[in-house]
Amino acid sequence: MLSRYIPTNLIKNREDGVVCWSSPSNIALVKYWGKKEHQIPENQSISFTLNNCKTITKLSYFKNEKPSDTFSFQIFLDGEHKPDFEPKINTFFERIYTYLPFLKDFSFKIETENTFPHSSGIASSASGMSALALCLMSIEKQLSVNKSDFKVSGEESHKYFLEKASFLARLGSGSACRSLEGDIVVWGKHKEIKGSSDLFGVKYPNKVHDNFKNYQDTILLVDKGEKQVSSTIGHNLMHNHPFAKERFKQAEKNITKIKLILESGDLKAFIGLVESEALTLHAMMMTSMPYFILMKPNTLEIINKIWRFRKQSGLNICFTLDAGANVHILYPEIEAEKILNFIKTELVAYCQNDHYICDRVGFGAKLL
Ligand code: PMV
């Protein structure tokens, strides 16, 4: 338990209210895969925050007439009541109750929508959990009497707000803690990244070369179905995994390497590291017990086409993958026209219903 996140002075006389946040998805460059108890990552990870793929969550709260032993909430996705989402949110509320002791004093209406289609195979847990955590932090802020945590100075209170929101989001879905800020976020304590922590994501504090400004991410939707392996099952596969220890060490080294790459702007080295990370993530799943292949034939077709095109054109196009079949294509803004043209003419045919999403690096969540 972390006492610094337990609010000490919340007002007794509570009122109803409403808050609304939008929060983006993110794409990891060095992947988080494997966790300890309480959502503590086994290895450090670093991600680009996205700009267009986001969740917008409106949270209305109504004071309960009588004290309650349970959490009271309803969830709506695009205006439709979704009771099947409730167990996940209930677990989230149980995990964060110590840090938000007002949760049982209110009934909540959670109204959420994503800017990307829900059946796209793009995980909405990072954007969804971070948006909800931010809404809850806005309520905490409104309920804080002496606001000792929030009052300090403008900058300090903003830091506390974001840090605790990221801490809470992590307890909902690990990678969600990397969605609050942009354009690059690190999660996991690393000796070379100042301020980094296993408990929350931090905005990458070091120098970033202009080559990585406004980096593009075109997401090819190869398989829009439900995830074959849930994140929870996937992370658990790293327990007793024969290569886990080496993998965690490699991720730590890759953070050191990417720090140098981000500073120097070395795009060739970036491509090598990012693609190797994606394939290592999938290799971990192929070599676990039980084992899984999460790529589809079209994932491989796309990868091979990218490699051929890169060789022919000399352009700095590369891919990364999440724990699924969809492909994120990353490239510098300056090469966007030629690469997007290649994607449209050569790759879109491998997507389900020709569906793809154009995104780019973004700057984090917004209060609406
Ligand atoms: O946040 P989770 O528990 O759904 O894990 C996500 C893990 C990957 O997306 C595969 C990698 C990452 O670092 O985002």
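Just so it is clear, the model here is predicted, and its values are computed rather than measured. (Residues numbered from 1 in each chain as written. Predicted model: local features only at pLDDT ≥ 70, side-chain atom pairs only at ≥ 80, totals over all residues. Heavy atoms only, no water.)

Chemist: So what exactly am I meant to see when it comes to the packing of helix H1 (residues 86-96) against helix H2 (residues 125-143) here?
Modeler: Each pair of packed helices can be described by the angle between their axes along with the distance between the axes. With their axes 13 Å apart at the nearest point, H1 and H2 run at an angle of 50 degrees to one another. On the basis of the axis angle, H1 is oblique to H2. The chirality of how H1 crosses H2 is right-handed. Contacts between H1 and H2 involve Lys 88, Ile 89, Phe 92, Phe 93 and Ile 96 from the former and Ser 125, Met 129, Leu 132 and Leu 136 from the latter. Its residues assigned to classes, the contact of H1 with H2 comprises seven nonpolar, one polar and one charged. (Axes fitted to C-alpha atoms, helices over the stretch in contact; angles between N-to-C directions. Helix = DSSP H or I, 4+ residues; strand = E, 2+ residues; numbered from the N terminus. Parallel < 35°, antiparallel > 145°, perpendicular 65-115°, else oblique. Left-handed = near helix turned anticlockwise from the far one by under 90°. Contact = heavy atoms within 4.5 Å. Nonpolar A, V, L, I, M, F, W, Y, C, P; charged D, E, K, R; others polar.)

Chemist: Would you mind showing me how to read the pattern of salt bridges here?
Modeler: Once the charged atoms of two side chains with opposite charge are near each other, the side chains can pair. Counted according to the given criterion, the structure contains 15 salt bridges. Between Glu 252 and Lys 191 there is a salt bridge, and its shortest N-O distance comes to 3.8 Å. Taken as a pair, Glu 252 in helix H6 (residues 244-264) and Lys 191 in the loop between strand S8 (184-187) and strand S9 (201-203) lie far apart in primary sequence, 61 residues in all. You can call Glu 252 partly exposed: its relative accessible area is 30%. Three or more residues are tied together by salt bridges with common partners; here these are Arg 4, Lys 159 and Glu 163. (Salt bridge = Lys/Arg side-chain N within 4 Å of Asp/Glu carboxyl O. Buried < 20%, exposed > 50% of the residue type's maximum accessible area, 1.4 Å probe, protein only.)

Chemist: I would appreciate a short explanation of the site of the ligand in the present structure.
Modeler: Taken together, 13 residues form the shell around the ligand, and within it Tyr 32, Ser 175, Arg 178, Ser 231 and His 235 come nearest. Contacts to the ligand include Ser 173, whose side-chain N or O atom sits 3.1 Å from an oxygen atom. Computed on the free molecule, the ligand has an accessible area of 380 Å², of which 92% lies beneath the protein chains in the complex. A breakdown of the residues in the shell around the ligand according to their chemical character gives five nonpolar, five polar and three charged. (Near = heavy atom within 4 Å. Polar contact = N/O pair within 3.5 Å; in protein donor to acceptor, adjacent residues only side chain to side chain. Areas by Shrake-Rupley, 256 points an atom, 1.4 Å probe, with all protein chains shown as cover.)

Chemist: Would you explain the layout of surface pockets in this entry?
Modeler: Empty space among the atoms can be located by rolling a probe the size of a water molecule over them. By volume, the second largest pocket is sized at about 340 Å³. Along the wall of the second largest pocket there are 15 residues; nearest its centre are Lys 159, Glu 163, Glu 181, Val 202 and Lys 203. Counting residues per element, the lining of the second largest pocket draws most heavily on helix H4 (residues 154-172), at seven residues. Split into classes, the residues belonging to the lining of the second largest pocket amount to five nonpolar, three polar and seven charged. (1 Å grid on protein atoms, 1.4 Å probe; cavity = no way out; pocket = protein on both sides within 12 Å on 5 of 7 lines; lining within 4 Å. Points joined across faces, edges and corners; volume = space filled by probe spheres on them.)

Chemist: What's the story with the packing of aromatic side chains in this structure? I'm lost.
Modeler: A ring pair, where both rings are aromatic, is described by two values, the distance of the centres and the angle of the planes. What the rule picks out here adds up to 20 aromatic pairs. Centre to centre, the rings of Phe 93 and Phe 108 are 5.9 Å apart; their planes meet at 70 degrees, and the pair counts as edge-to-face. With Phe 93 in helix H1 and Phe 108 in strand S7 (residues 106-114), this residue pair connects regions lying 15 residues apart in the sequence. Across the pair, exposure class does not vary: Phe 93 and Phe 108 are buried alike. The rings of Tyr 61, Phe 71, Phe 73, Phe 92, Phe 93, Tyr 97, Phe 102, Phe 106 and Phe 108 are connected pair by pair, giving a single aromatic cluster. Sitting above the plane of the Tyr 97 ring, Lys 104 keeps its charged end 4.3 Å from the centroid. (Phe/Tyr/Trp six-rings, centres within 6.5 Å; stacked < 30°, edge-to-face > 60°. Lys NZ or Arg CZ within 6 Å of the ring centre and 35° of its normal.)

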